[in-house]
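Chain residues, written in single-letter form:
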Amino acid sequence: MITVMLTLFALVIVGYVAGKLGYLGGDFDRQLSRLVINITCPALILSSAMTGTLPDRRFILPLLAISVITYAVLTAVAFIVPRWLTRRRDDEGAIGFALMFGNVGFMGYPVVDSIFGHEAVFYAAVLNVVNTFAVFTVGTILIIGRGLQIPAATIETTALHNDSGRFQKKVLYSTPMIAAYLTMAIVALEIDGIPAYVSQPLTMLGNITVPAALLIIGSSMSHLSLRTMLGNTTVYVTTLFRLVLLPIAVYALTMAMGFSEYVVNINTLVIAMPVATYGTILCLRYGRDTTMITEVTFITTLLSMLTIPLIATLLL
């Protein structure tokens, strides 16, 4: 588990060095972000349901239910708590995103695999269906914010197309959401034996997502001063919520609601991940300042090497 996290963190460092040397940055980062969101991320989502043995159907509906409840709670947290964590209104959306979304697809899968076994990766993928829907709906609203005019040329995968902050239906049939719908159908209908000429290309494309996203984060960090990267009080309080307080609260709530311990444990571990890399990608995608989201992503990724083993120890 520690090896997995050190490996991911190493890719962030490579992105940082590449940004400093001029290999990454600017328009290249924005184009790479578009590639990740529109192509490699949907491939990653689909491929998660096309490898290994299909899981026990008894866990599928409880996992979807617990995930819906979890993200309903986290949505409320994301819109309310940031008001007390920062005085800068422009940072509220980034903080809300950081509180709501953990690095499920990138870090959650290998960590769940190392603790609960390979079969549990599929259960994490079921949880990730709701996470994906929320990232490209609620997450986009948080990053863009209400009242911000977005150039029409930048609106492709997700959109809040006007200055009133009104939600656009286009997000519901974006490529990441289509992939999420198909994955849910594969899980619900127990479709097995998907041909290798379909699953293998999707897996190869999906494998690009993790390193590309981590390189983008590192590149974004390369434009920040060392003092800025070390964060401030707001960053560390946000980190405390993301890595410790919210996972414990979700665990207590879902256990009290009567979900099985196995389902609760997997869900809690997924929630205990550091901030999702899509926060930085979406900020780049819509021209928002990446400073806050990059700081909190960096700090949570670093400190998660300590907190995730502790959370896992408590669960087991």
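As the structure is a computational prediction, the values presented were derived from the model and not from experiment.

Definitions and limits used
- Residues numbered from 1 in each chain as written.
- Predicted model: local features only at pLDDT ≥ 70, side-chain atom pairs only at ≥ 80, totals over all residues.
- Heavy atoms only, no water.
- Helix = DSSP H or I, 4+ residues; strand = E, 2+ residues; numbered from the N terminus.
- Buried < 20%, exposed > 50% of the residue type's maximum accessible area, 1.4 Å probe, protein only.
- Contact = heavy atoms within 4.5 Å.
- Expected span 1.5 Å × (residues − 1).
- Bend = angle between axes of the 7 residues up to and from the residue.
- 1 Å grid on protein atoms, 1.4 Å probe; cavity = no way out; pocket = protein on both sides within 12 Å on 5 of 7 lines; lining within 4 Å.
- Points joined across faces, edges and corners; volume = space filled by probe spheres on them.
- Nonpolar A, V, L, I, M, F, W, Y, C, P; charged D, E, K, R; others polar.
- pLDDT = per-residue confidence, 0-100.
- Axes fitted to C-alpha atoms, helices over the stretch in contact; angles between N-to-C directions.
- Parallel < 35°, antiparallel > 145°, perpendicular 65-115°, else oblique.
- Left-handed = near helix turned anticlockwise from the far one by under 90°.
- Phe/Tyr/Trp six-rings, centres within 6.5 Å; stacked < 30°, edge-to-face > 60°.

Take the overall build of the protein next. Within the protein, the secondary structure is distributed over 14 helices and zero strands. Shown N-terminal to C-terminal, the secondary structure of the protein runs as helices and strands in the order α-α-α-α-α-α-α-α-α-α-α-α-α-α. Expressed as a percentage of the 316 residues in the protein, the buried residues total 55%. Summarising the internal contacts of the protein: among those between residues at least 6 apart in sequence, 81% fall at separations of at least 24.

For the rest of this paragraph, the subject is helix α2 (residues 26-47). Taking 1.5 Å of rise per residue, 22 residues should cover 32 Å, and α2 covers 30 Å from first to last C-alpha, within 8% of that figure. The largest bend in α2 is about 40°, located at V36.

The next subject is empty space enclosed by the protein. One pass over the structure, following the stated rule, counts two cavities of 30 Å³ or more. The volume enclosed by the second largest cavity comes to roughly 40 Å³. Looking at the lining of the second largest cavity, the elements with two or more residues in it are α3 (60-80), α7 (119-144) and α8 (175-189). The element best represented in the lining of the second largest cavity is α8, accounting for three residues. Classifying every residue of the lining of the second largest cavity by side-chain character gives seven nonpolar, no polar and no charged.

A few words on the layout of surface pockets. Taken as a whole, the largest pocket spans an internal volume of roughly 590 Å³. Along its surface, the largest pocket is lined by 22 residues, and R89, E92, G93, L142 and G145 are the ones closest to its centre. Broken down by element, the residue count for the lining of the largest pocket peaks at six residues, all from helix α5 (residues 89-100). Of the residues assigned to the lining of the largest pocket, the class counts are eleven nonpolar, two polar and nine charged.

Turning next to the confidence of the model for the protein. Confidence along the protein averages 82 in pLDDT terms, with 88% of residues attaining 70 or more. No element of the protein has a lower mean pLDDT than helix α10 (residues 226-229), at 72, and none a higher one than helix α11 (residues 233-256), at 95.

So, about the packing of α7 against α8. Two elements in contact, α7 and α8, have axes separated by 10 Å at closest approach and are oriented at 150°. If you check the angle between α7 and α8, you find them roughly antiparallel. Pair α7 / α8 crosses with left-handed handedness. When α7 is examined against α8, the residues F122, V126, V129, T132, F133 and F136 are found in contact with a partner set consisting of P176, M177, A180, Y181, T183, M184 and V187. Partitioned by chemical class, the residues of the contact of α7 with α8 number eleven nonpolar, two polar and no charged.

One pair of aromatic rings is described through two measures. These are the centre distance and the angle between the planes. For the structure shown, the criterion picks out seven aromatic pairs. Ring centres of F97 and F101 lie 4.8 Å apart, and the angle between their planes is 45°; this geometry places the pair in the tilted category. Pair check on accessibility: F97 and F101 agree, each one buried. Measuring from ring centre to ring centre gives 5.9 Å for Y123 and Y262, while their planes differ by 90°; the resulting arrangement is edge-to-face. Of this pair, Y123 sits in helix α7 while Y262 sits in helix α12 (residues 261-271), and the two are 139 residues apart along the sequence. Overall, the relative accessible area of 1% leaves Y123 in the buried class.

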